[in-house]
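Breakdown of the fold
Take a look at the letters that make up each chain.
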Amino acid sequence: MPLNTQNVVLKISAGLPKQFPADPLPQIAFSGRSNVGKSSLINSLLNRKSLARVSSAPGKTITINFYEVDRKLYLVDLPGYGFAKRSPEDKKKWSALTDGYFTQNKNIDRLSAVIQLLDSRIPPTADDEMMLEFLHQTGLPYLVVATKVDKLNATERKKNLEALRAHPLIAQVPLIPFSSLKGEGKEELWRAMLRQTKLQ
């Protein structure tokens, strides 16, 4: 791998678009609903246990976290959506910040891909489909990661992944089954991200 994943720093936890980093490194953004396993996936990719904080209260923090990998790439952790217990004020703040990433990001042209996370155990939620539709309409490159596949038996896995692959907003993009617990999908996801950023 052309990146040293031991050389990682949390560059900034941005609560406002004006705080987004200005240096023109390629960016890979991670999107998904609260408790889909986003922090666990990022920790798995970077071989860390707690670089990305796995919250016991999903949706608690509304920031965009920029992880600088080997001074060559940003992994961008977007705040999780669809958390039912959030106040209307918090939901508004989440929407404004996430929208700001796509509309007020000085380096949006450096966004190489969005990794859209879906829970493999359930069909895409209305919020998931809204995000997939947004990515599809904007023409942003994206791929889908089906998380928590280790929690499915063989029959469930086959059925659920086939249903995801048949979804009209997923059928045309790569779908990678992923298990943070077992490491499944990790190498395949890194290969896809490095292709998108042209770092390999």
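Scope of this entry: the structure provided in the associated data block. Note that the structure is a prediction, hence the values are computed from the model and not measured. Each chain has its residues counted from 1, following the order in which its sequence is written. Selection of residues for local features in this predicted model requires a pLDDT of at least 70, selection of side-chain atom pairs for listing and counting requires 80 or more, and totals for whole chains, interfaces and linings are taken over all residues. Excluding hydrogens and water, the side-chain figures rest on all heavy atoms present in the structure.

**Describing the overall build of the protein**
Only DSSP runs of H or I covering at least 4 residues are called helices, and only runs of E covering at least 2 are called strands; the numbering of each starts at the N terminus. Within the protein, the secondary structure is distributed over five helices and seven strands. When the helices and strands of the protein are placed in sequence order, the string is β-β-α-β-β-α-β-α-β-α-β-α. Taking the principal axes of its C-alpha atoms as reference, the protein extends roughly 45 × 45 × 35 Å. When accessible area is computed with a 1.4 Å probe and restricted to protein chains, residues below 20% of their type maximum are described as buried, those above 50% as exposed, and intermediate ones as partly exposed. In the protein, buried positions account for 50% of the 200 residues. Between two residues, a contact is recorded if the distance between any of their heavy atoms is within 4.5 Å. In the protein, 75% of the contacts between residues at least 6 apart in sequence involve partners at least 24 apart. Accessibility throughout is a Shrake-Rupley quantity obtained with a 1.4 Å probe, and a residue counts as covered only by protein chains that appear here. Counting only carbon and sulfur atoms, one obtains 52% of the accessible surface of the protein, whose full area is about 10100 Å². Of note, the protein has its 29 positive side-chain charges centred 5 Å away from the centre of its 19 negative side-chain charges. Positive charges are assigned to Lys and Arg, negative charges to Asp and Glu, while His and the chain termini are left out of the count. Throughout, a charge is located at the NZ atom of Lys, the CZ atom of Arg, the CG atom of Asp or the CD atom of Glu.

**Quick word on the pairing of strand β6 (residues 142–147)**
Summarising burial for β6: six of the six residues are buried, a large majority. Of the two faces of β6, the one lined by Y142, V144 and A146 and the one lined by L143, V145 and T147 are each fully buried. Think of it this way: DSSP has to see at least two bridges between two strands before they count as a pair. Summarising the sheet, strand β5 (residues 111–119) and β6 pair through six bridges and their orientation is parallel. The partner of I115 across the bridge, within β6, is L143. Where the polypeptide runs from β5 across helix α3 (residues 126–138) and back to β6, its parallel neighbour, the crossover connection is right-handed. Pairing analysis gives three bridges linking β6 to strand β7 (residues 175–177), with the strands arranged parallel. Of the residues in β7, the one forming a bridge with V144 is L175. Seen with its strands pointing away from the viewer, a crossover is right-handed when the path leading from the first strand over the helix to the second is clockwise. The handedness of the β6 to β7 crossover, carried by helix α4 (residues 154–166), is right-handed.

**Notes on the pattern of salt bridges**
Take a side-chain nitrogen of Lys or Arg and a carboxyl oxygen of Asp or Glu: if they are within 4 Å of each other, that pair is a salt bridge. Scanning all chains against the criterion turns up seven salt bridges. One salt bridge connects R33 with D119, and the closest N-O pair in it is separated by 3.6 Å. Placement of R33 in the loop between β2 (27–31) and α1 (38–45) and of D119 in strand β5 is noted, with a sequence separation of 86 residues between them. Here D77 makes a salt bridge to K38, at a shortest N to O gap of 2.6 Å. One end of the pair, D77, is in strand β4 (residues 73–77); the other, K38, is in helix α1, and 39 residues separate them in sequence. Summarising the burial analysis for this pair, D77 and K38 share the class buried. Overlapping salt bridges, with partners in common, bring together R33, D119 and R121 in one network.

**What to know about the side chain of K38**
The class for K38 is buried, based on a relative accessible area of 9%. Among the polar contacts made by the side chain of K38, one reaches the main-chain carbonyl oxygen of L78 at a distance of 2.5 Å. Sequence-distant contacts of K38, that is, excluding residues within four places in its chain, are made with F30, S31, G32, D77, L78, P79, G80 and L117. Here a polar contact is taken to be a pair of N or O atoms separated by no more than 3.5 Å, where protein atoms must pair a possible hydrogen donor with a possible acceptor and residues adjacent in sequence count only if both atoms sit in side chains.

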